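A closer look at the structure
Listed below, chain by chain, are the residues.
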Amino acid sequence: MKLRTKIRLFSSILILSMLILVNTFVYFLFYKNATDSQLVELSLQTDNLIEQLASATAAEETSEVINAFLPANGMVKVFSSDERALEFKLKGEAYRTLEGAFQTAESQEIIRPERGVHVAVVTKPIIWHDGSVVTLQMSDHLVALTDTLRILFYVLIIVSLIILIPTIIGSNILNRLLLNPIEELTRTMKTNIKERKWKKIDHSNRSKDELYEMEVTFNEMIDQLRDNYERQEDFVSNASHELKTPIQIVKSYAQLLERRGKDNPELLEESIAAIDSEADRMKRLVEQLLSLAKNKENVVHEPIELVQLVDHSITTFKQAYNREIEFHKNIEKLNVLGNAGQLEQIIYILIENALKYSEDKIAVSLFTYNGDVIYSVKDYGSGISPEDQERIFERFYRVDKARSRETGGSGLGLSIAKEIAESHHGKLTVESAAGEGSMFTLVLPAMKKADRENEK
């Protein structure tokens, strides 16, 4: 069942149920008030009759008094203690078959001896003219009340139908207001799936309600999906391009070995060295791809002593590359909130990048400024052009592809470093000029005083 049908059916059943409850309440409230009024009136008339009968001394006088107080459509019966009917008077459409009996208690009731007929009955014990105790029963056929209730019933039905018509119309209008945006959203989603488009919903000239928020959120999701899809396409394309070359080199050397390697030791050594080198390049590329994916995972941040971490990394590079690395700092101990492995990775990436593209010494600085931690690495190489600076943090982008291939770069290091910086609520920037070298700067928020106290 469609949502439109459910809303229409639910609203109609709800309104109809409420109308039935309200109409039933109105009908029986009117019935109760009307019958109570009739019983009070008949009881007063009975009391007047009893008062007049008290002064009657003969049967003839009693009969005349009863005739005088008979209701317009009523009946009066008098029962003795031996269940005999002493008097029986009727007028109009009163029912002869109305049951009665001797009783010593007063009673008032509305009975329906036949369907659709309402009869008010008042029963009271009195002293008869001969001194005996008898029961006086006065009844009145409520013809006017029956007709009024019938008219009220028809009026309530007509009113209910009149109310249901605008209810159905209002339900249709509500359906359009609620479901048209949802149907448009569904059509747009199907179009995007079927035609592989990135179509969005036009939410201009709409009230800013929950449906508007849904459409805005959908458009934002489409933009994000499109960006992610385009990034994925670029990523896959670049990754396949980067892997295609080393795989082709490995395959070429393998074929060369198969043809001539057995009889040529020099070619064998050259091929093995080339295959080993390209295998290392593919290994590093795969590791960096995995690192990109891993850096997106939620990691626990904890207090890290950054001065010690940077100093240890510089020592490692000095021993491995035998290069001059200057370390400038304005503080001996500095804590930041972060992940030790990822922070060490970004330190390594920036230092390794500077060593690859500079033959001279490099300078590493670590200091605090205005509540931020500044980590920078400066090299004195050839520098980076302004055009390349705008794209240097993109995946697989390399300024000098020939030089990058010689140094084993894959174009992923700076992209990884930037993502790590952003995951630590920091920022990674570059300043460079042709012929003057480059300086990469990482800005991280320092630990607050409250965080340091909690650490202690």
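On a predicted model such as this, the values are computed, not experimentally measured, just so you know. (Residues numbered from 1 in each chain as written. Predicted model: local features only at pLDDT ≥ 70, side-chain atom pairs only at ≥ 80, totals over all residues. Heavy atoms only, no water.)

Sheet analysis places strand 10 (residues 372-379) next to strand 12 (residues 437-445), joined by eight bridges and oriented antiparallel. Within strand 12, the position partnered with I374 by the bridge is V443. Pairing of strand 11 (residues 427-433) with strand 12 involves seven bridges; the strand directions are antiparallel. Residue pairing in the sheet places E431 in a bridge with M439 of strand 12. Between strand 11 and strand 12, which pair antiparallel and follow one another directly, the connecting turn spans three residues, one of which, G435, has a positive phi of 85 degrees. (Pairing = 2+ DSSP bridges. Helix = DSSP H or I, 4+ residues; strand = E, 2+ residues; numbered from the N terminus.)

Let us look at helix 2 (residues 59-68). Among the residues making up helix 2, those that are buried are T62, S63, V65 and I66. One side of helix 2 carries all its buried residues, which in axial view fall inside an arc of 160 degrees. Away from the buried face of helix 2 by more than 90 degrees, exposed residues E60, E64 and A68 are located. (Buried < 20%, exposed > 50% of the residue type's maximum accessible area, 1.4 Å probe, protein only. Arc of directions from axis to C-beta.)

On to the packing of helix 6 (residues 306-321) against helix 7 (residues 340-356), then. When two helices pack together, their arrangement is given by the angle between their axes and by how far apart the axes lie. Following both chains from N to C, one finds helix 6 and helix 7 inclined at 40 degrees, their axes separated by 10 Å at the closest point. Here helix 7 runs oblique to helix 6, going by the angle between their axes. Where helix 6 crosses over helix 7, the handedness of that crossing is right-handed. Listed contacts from helix 7 to L306, L309, V310, H312, S313, I314, T316, F317 and Y321 of helix 6 are A340, L343, E344, I347, Y348, I351, E352 and L355. Partitioning the contact of helix 6 with helix 7 into residue classes produces 12 nonpolar, three polar and two charged. (Axes fitted to C-alpha atoms, helices over the stretch in contact; angles between N-to-C directions. Parallel < 35°, antiparallel > 145°, perpendicular 65-115°, else oblique. Left-handed = near helix turned anticlockwise from the far one by under 90°. Contact = heavy atoms within 4.5 Å. Nonpolar A, V, L, I, M, F, W, Y, C, P; charged D, E, K, R; others polar.)

Our next topic: the confidence of the model for the protein chain. On average, the protein chain scores 80 in pLDDT, and the residues at 70 or more come to 86%. Low pLDDT (under 50) marks residues 401-408, which in the prediction has 14 contacts with non-local residues, meaning those over four places away or in another chain. Taken as a whole, residues 452-456 scores under 50 in pLDDT and shows four contacts with residues more than four places along the chain or in a different chain. (pLDDT = per-residue confidence, 0-100.)

What follows deals with the pairing of strand 9 (residues 362-369). Relative to strand 9, strand 7 (residues 325-329) runs parallel, the two sharing five bridges. When the sheet's bridge partners are listed, F327 is paired in strand 9 with V364. Between strand 9 and strand 10, which pair antiparallel and follow one another directly, the connecting turn spans two residues, one of which, N370, has a positive phi of 55 degrees.

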